[in-house]
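Descriptive analysis of the structure
Chain by chain, the residues:
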Amino acid sequence: MSLESAQRFLEAVAYDDELREKFNLVQTPEDFLRLTEQLGYSFTAAELMEIAKAEGENKGITTRRRTGVWHWLRTINWVDH
């Protein structure tokens, strides 16, 4: 598991509509992480959130997309996982 893998995932999913669509039916953090592993990524929920937060802060992002994986990442309860 690694921050590098989480970084690669976020970069890929940011530009790949097909990849984002794979996450539309995911309901839990466990399912989300299982799917990312099937796609060749390996990271924990904490690592993913660390990278996502850093990316948002580094780039000054204030508006978020309401589609695909981004919406899901913001609405899922990651605290207990």
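Residues numbered from 1 in each chain as written. Predicted model: local features only at pLDDT ≥ 70, side-chain atom pairs only at ≥ 80, totals over all residues. Heavy atoms only, no water.

Notes on the packing of aromatic side chains
Per the counting criterion, the structure on display carries five aromatic pairs. Relative to Phe32, the ring of Phe9 lies with its centre 5.8 Å away and its plane at 90°, an arrangement referred to as edge-to-face. Here Phe9 is found in helix 1 (residues 3-15), whereas its partner Phe32 is found in helix 3 (residues 29-38), with 23 residues between them in sequence. Among the residues examined, Phe9 registers a relative accessible area of 0% and is labelled buried. Taken together, a centroid distance of 5.6 Å and an interplanar angle of 45° make the contact between Phe9 and Phe43 tilted. Note that Phe9 is positioned in helix 1 and Phe43 in the loop between helix 3 and helix 4 (45-59), a separation of 34 residues in sequence. One aromatic cluster is present, formed by Phe9, Phe23, Phe32, Tyr41 and Phe43 through successive ring pairs. (Phe/Tyr/Trp six-rings, centres within 6.5 Å; stacked < 30°, edge-to-face > 60°. Helix = DSSP H or I, 4+ residues; strand = E, 2+ residues; numbered from the N terminus. Buried < 20%, exposed > 50% of the residue type's maximum accessible area, 1.4 Å probe, protein only.)

Honestly, it's all geometry; don't read function into it.
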